[in-house]
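Survey of secondary and tertiary structure
If you want the building blocks of each chain, they are given just below.
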Amino acid sequence: METNSTDWRYTVMPAVFTWLKESESGALEIDFAATQKYAADILKVKGKGGSRMGGLVGSGTLGENSYLSAKQRLSLLKALSVVAKEYNVPLISGAAAETKEELANIVKELATVGVDTVMVMPPKTQETPSDEEMFAYYELSAKAAKEAGITIMPYNNPDAAGYHALSTDILRRLAALPEVTALKISTIDVSIIETLMLENKDLKILAGVDTVTVHAGLAGACGGITGVGCIFPKASVTMQEYVNNGEWAEANKISQAMNSISYLDAQPLLMEYLKFAFGIHHNDTTGGLRTLGKKLTQEQIDDVRARYLLAKERLELLSLID
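Quick look at the structure, then.

Reading the values: rules and limits
Residues numbered from 1 in each chain as written. Predicted model: local features only at pLDDT ≥ 70, side-chain atom pairs only at ≥ 80, totals over all residues. Heavy atoms only, no water. Helix = DSSP H or I, 4+ residues; strand = E, 2+ residues; numbered from the N terminus. Buried < 20%, exposed > 50% of the residue type's maximum accessible area, 1.4 Å probe, protein only. Contact = heavy atoms within 4.5 Å. Pairing = 2+ DSSP bridges. Axes fitted to C-alpha atoms, helices over the stretch in contact; angles between N-to-C directions. Salt bridge = Lys/Arg side-chain N within 4 Å of Asp/Glu carboxyl O.

Some points on the side chain of Ser 262
In this structure, Ser 262 sits in helix α10 (residues 259–262). Ser 262 sits in the buried class, given a relative accessible area of 3%. Filtering out sequence-adjacent residues up to four positions away, Ser 262 remains in contact with Asp 210, Thr 211 and Val 228.

So, the sheet that holds strand β4 (residues 56–57)
In space, the eight strands of this open sheet follow the order β1-β10-β9-β8-β7-β6-β5-β4, with parallel pairing throughout. The two strands at the open ends of the sheet, each matched to only one other strand, are β1 (12–14) and β4. Relative to strand β8 (residues 183–185), strand β7 (residues 151–156) is paired through two bridges, and the arrangement is parallel. Among the inter-strand pairings, Tyr 155 is bridged to a residue of β8, identified as Lys 184. Sheet strands in contact with helix α3 (residues 100–112) are β5 (91–95) and β6 (117–120), and its direction is about 160° off that of β5.

Remarks on the pattern of salt bridges
For the structure shown, the criterion picks out 12 salt bridges. Across the pair Lys 275 and Glu 64 runs a salt bridge, and its minimum N-O distance is 2.6 Å. Residue Lys 275 is located in helix α11 (residues 270–281), and its partner Glu 64 is located in the loop between β4 and α2 (70–86); the two are separated by 211 residues in the primary sequence. Of the two residues, Lys 275 and Glu 64, both sit in the buried class. Where Glu 147 meets Lys 108, a salt bridge forms, and the shortest distance between an N and an O atom there is 3.0 Å. Linking Glu 147 in helix α4 (residues 131–148) with Lys 108 in helix α3, this pair joins segments that are 39 residues apart in sequence. Given the relative accessible area of 35%, Lys 108 is considered partly exposed.

Right under this line is the structure:
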């Protein structure tokens, strides 16, 4: 199958969930078949303008990345690479490490299972690296990517606990590396995107928070990575179509319709919240509650359900439910 965009960076891409099942011993294990099916179902959906998701993001924050072993992550991505190839889209995954040498090895490993672009997160260190240390960390990952025949995407996620922020100066320097295909900016402060784009209009920046898709587009982002789009793909793709066409009023209608559930994408428990909402959407709340992460309280479950139903009601009025 062919995508409807000549450049996947000008689309929105789903950060898919990793579906789990109980093994004979009662432990949770990856349900590869279910994960592949749901990923394929999302990639099949077209927006009102006829385009589809332009890439597939696997084993990310929403894919329970931090709870999986290295072996599980590689097995999962190998399974998702089959889906990505079927729909002719790049497979994207994340990587982070304490040292630049460890990170370089991870990048090379990901390339062996079909990953095309690695979202490289800042180092997992307690002390904040100097700018030179931070640049060296990314520079070595870029060299590893070049050797493996893939690309990297520096991932700035200053709003999430545990990740060091990338300075604007570092982002500028990283964007100049030939192995860097785009920058991923996951923050509600879209002025970072605007500042970078004012200095270099040719930069490729992807938004990483669903609440600011339209605002990031106005600031200069060319595409995005979505969690809510896994639940409401037609709405997410259509919103990106409007953003790409500069139809801001229409894009904003969709953003407002999804506001109640997009809010969850910017919370510490975004994976647990959105995975449960996905389960509600597919009448599989039991599966939606299977997670290696934190167990939701009844109050949290009720809140997610109410937010999901409100977004669904609003999107139905816009004829954007699949």
